[in-house]
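# Report on the structure
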Amino acid sequence: MKFTVNTPGATRQRTACAIVGIYADGTLSDTAKALDKASGGLISDVTRNRDIRGEAGETLLLTHTGKLPCKRILLVGLGKPGKLEQRGYRQAMRAACTALGKAGHIDAINYLGLETVGDTDAYRKARIAVETWHEASYRFTTMKSAPTPQPGRLKSMGLACTTADRKKSLEGVKHATAIAGGVALARDLGNLPPNICTPDYLVKRAQAIARKSKKMRLNALRAADLRKLGMGALLAVTQGSELPPRFIVLQYRGGTPKSQPVVLVGKGITFDSGGISIKPGPAMDEMKYDMCGAASVLGVLQAAAELNLRVNLVGIVPACENMPSGTATRPGDIVRSLSGQTVEILNTDAEGRLILCDALTYAQRFKPSVIIDIATLTGACLIALGRVRSGLLSNSDELATALLEAGQNAGDRAWRLPLDEEYGELLKSPFADVANIGGRDAGTITAAAFLSRFVGKTSWAHLDIAGTAWVQGNNKGGTGRPVPLLMEYLLQGA
Ligand code: BES
Ligand code: MN
Ligand code: ZN
């Protein structure tokens, strides 16, 4: 798919399809007005007949355009005039892309970018158009024996913008293309089955990313290395599995040699059965998505390198399976983490925090400016925030604010939960330094409180993506979140 940036002129520009906005109650956008006039009332005809009312997200394809240079017009509802905000704009763009994705035409010019959208400049509009197209046209077909034919044939889309906005729009296209690539990588890794997407497989994909940039270096530790280091918590999780664990360290050096890196840590449980504290059967297949934190870290590293961001980044992925077996860890086992703290494993299904705590301790050796971990960590996060916002917990107001703002701007929103010391007291163990669960109350917060014990004084944030990393139902699949949030944070200048 090729995106170009065009200066407008809908009544002159040839295209297979012009994408044009109309507002609720039949108000036409300027582009719609111009086409309406040139065609002798083609658009006002259908709005008068109420074939389309103009609500945000409605679409209608007009195929008889007479002498107009556009063969078709895709009318897209934008809601109440004067009230269009970023969320409605995304919604309208998604509807337009979905309609186009199924259509047979080869090219299109998208005039929606000429509309006034609250709090949204030309850069952002271009980004939304490109990211939404990729999001809507994504299909995961690699596991089908006969590849399903792509329904649509769209090969290129022109984005209309004013001459003054050209540069900003081009930059938006560039950023969005890289981000969409990172999102697609994260979605693919999530969607792959757990018999293929194993810890070794994640290493292979990390190698492929590292090979694409001279500024990248990969180090993938094995079980023996982890034993030598003393990662007793991670090793406890993996010990029930036949698959060897891997510990991925993918470094990107885009900043000055002395600038401290941003360290991203992604939970990489390639399948979470729960272990001896085994999960119930229904929807257990979805625990293949328990490596979506890891997938988002790889997606961000790929996108950051592609854009040549001037930042030092370290992606850390502890990867293993959580399985029940005769060698599996038991409820009651006490292990020694890399930090030296001992952990009583009361529930083997609270395994994410066990692999993450050793990864967070390891992360300190890079003297990071900030550490951000990303994990499908708690079912409780789904109960608290549903599937709309990711959970955010942090020991730094500054970092939390920056991440919340990044999520808002990127349309990949998060919500902060508190982390008072009292929550940590729920993790007391009579036998070890800390227990790995804190009871039914505040499950997302006690999980984060556990992690906070392993970050020392470093500014740290934790994103719980249990509700946002994949969707269920008809469109079941990985979302690639929170790659957009994290890229926005890095683009803001970390
Ligand atoms: N990977 C799960 C969390 C999860 C569950 C994510 C459902 C998305 C959907 C995690 O390892 C887990 O099992 N957490 C337990 C923790 C509990 C034992 C304290 C949970 O949430 O039930
Ligand atoms: Mn679990
Ligand atoms: Zn898990």
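Computed from a predicted structure; not experimentally measured.

### Structural notes on the sheet that holds strand E4 (residues 73-77)
Read from one edge of the open sheet, six strands run E1-E6-E5-E2-E4-E3, paired in mixed fashion. What marks the edges here is a single partner per strand, and that holds for strand E1 (2-6) and strand E3 (59-62). Strand-to-strand twist in this sheet, taken as the mean axis angle between neighbours without regard to direction, amounts to 25°. Sheet analysis places E3 next to E4, joined by four bridges and oriented antiparallel. Paired with Leu61 across the two strands is Leu74, which belongs to E4. Sitting on the sheet, helix H1 (residues 30-38) touches strand E2 (18-22) and E4, and the angle it makes with E2 is about 110°. Contacts from helix H3 (residues 86-102) reach E2, E3, E4, strand E5 (107-110) and strand E6 (156-160) within the one sheet, and its direction differs from that of E4 by about 150°.

### A short note on the side chain of Glu115
With respect to the helices and strands, Glu115 occurs in the loop between E5 and helix H4 (122-137). Notably, Glu115 is buried but unbridged: the nearest opposite-charge side chain belongs to Lys125, and the N-O separation is 8.1 Å. Setting aside chain neighbours within four positions, we find Glu115 in contact with Tyr23, Ser29, Leu78, Leu84 and Lys125.

### Digging into the coordination of the manganese ion (ligand 2)
Within the first shell, the manganese ion (ligand 2) binds the protein through Asp272 (OD), Asp349 (O), Asp349 (OD) and Glu351 (OE), at distances of 2.0 to 2.2 Å. The coordination sphere of the manganese ion (ligand 2) comprises six donor atoms, whose angles at the metal cover 70 to 168°; the geometry is irregular. Along the chain, the residues donating to the manganese ion (ligand 2) are arranged with the sequence spacing D-x76-D-x1-E. A distance of 3.1 Å spans the gap from the manganese ion (ligand 2) to the zinc ion (ligand 3), which Asp272 bridges by coordinating each metal. Residue Asp272 is found in strand E10 (residues 268-272), and its partner Glu351 is found in the loop between strand E13 (342-344) and helix H10 (352-363); the two are separated by 79 residues along the sequence. The burial state of Asp272 is the same as that of Glu351; both residues are buried.

### A few points about the sheet that holds E13
The strand order across the open sheet built from three strands is E12-E13-E17, with neighbouring strands paired in mixed fashion. What marks the edges here is a single partner per strand, and that holds for strand E12 (334-336) and strand E17 (434-435). Two elements, E13 and E17, share two bridges in a ladder whose sense is parallel. Across the sheet, the residue bridging to Glu344 is Ala435, located in E17.

### Notes on the domain arrangement of the protein chain
It is common to report an interface's size as the accessible area lost on association of the parts. The domains assigned to the protein chain are domain 1 (2-137) and domain 2 (180-491). When each unit is reduced to the centre of its C-alpha atoms, the spacing between domain 1 and domain 2 is 40 Å. Listed per partner, the contact involves eight residues of domain 1 and nine residues of domain 2. The junction of domain 1 with domain 2 conceals about 600 Å² of combined surface from both sides, 38% of it contributed by carbon and sulfur atoms. The largest contributions to the domain 1 side of the interface with domain 2 come from Arg90, Arg124 and Arg127, which together make up 46% of the buried area.

### Remarks on the site of ligand 1
Around ligand 1, the structure places 17 residues, and the nearest of them are Lys279, Asp290, Asp349, Glu351 and Gly379. In this structure, an oxygen atom belonging to ligand 1 sits 2.8 Å away from a side-chain N or O atom of Asp349. With respect to ligand 1, the backbone of Thr376 contributes an N or O atom lying 3.2 Å from a nitrogen atom. Considered on its own, ligand 1 offers 510 Å² of accessible surface; in the complex 78% of this is hidden by protein. Here the shell around ligand 1 is composed, by residue class, of six nonpolar, four polar and seven charged.

### Details of the coordination of the zinc ion (ligand 3)
Surrounding the zinc ion (ligand 3) are the protein donor atoms Lys267 (NZ), Asp272 (OD), Asp290 (OD) and Glu351 (OE), which sit 2.0 to 2.4 Å from the metal. Geometry at the zinc ion (ligand 3) is octahedral, judged from the six donor atoms that bind it and their angles of 79 to 176° at the metal. Between consecutive donors of the zinc ion (ligand 3), the numbers of intervening residues give the motif K-x4-D-x17-D-x60-E. Taking the relative accessible area as the measure of exposure, Asp272 reaches 3% and is therefore buried.

Reading the values: rules and limits
Residues numbered from 1 in each chain as written. Chains lettered and ligands numbered in written order. Predicted model: local features only at pLDDT ≥ 70, side-chain atom pairs only at ≥ 80, totals over all residues. Heavy atoms only, no water. Pairing = 2+ DSSP bridges. Helix = DSSP H or I, 4+ residues; strand = E, 2+ residues; numbered from the N terminus. Axes fitted to C-alpha atoms, helices over the stretch in contact; angles between N-to-C directions. Contact = heavy atoms within 4.5 Å. Buried < 20%, exposed > 50% of the residue type's maximum accessible area, 1.4 Å probe, protein only. Lys, Arg positive; Asp, Glu negative; His and termini not counted. Salt bridge = Lys/Arg side-chain N within 4 Å of Asp/Glu carboxyl O. Donors = N, O, S within 2.8 Å, 3.2 Å for Na, K, Ca; no water. Tetrahedral: all angles 85-135°; square planar, octahedral: opposite > 155°, others 65-115°. Domains from an automatic or database assignment. Buried area = accessible area lost by both parts, 1.4 Å probe. Near = heavy atom within 4 Å. Polar contact = N/O pair within 3.5 Å; in protein donor to acceptor, adjacent residues only side chain to side chain. Areas by Shrake-Rupley, 256 points an atom, 1.4 Å probe, with all protein chains shown as cover. Nonpolar A, V, L, I, M, F, W, Y, C, P; charged D, E, K, R; others polar.

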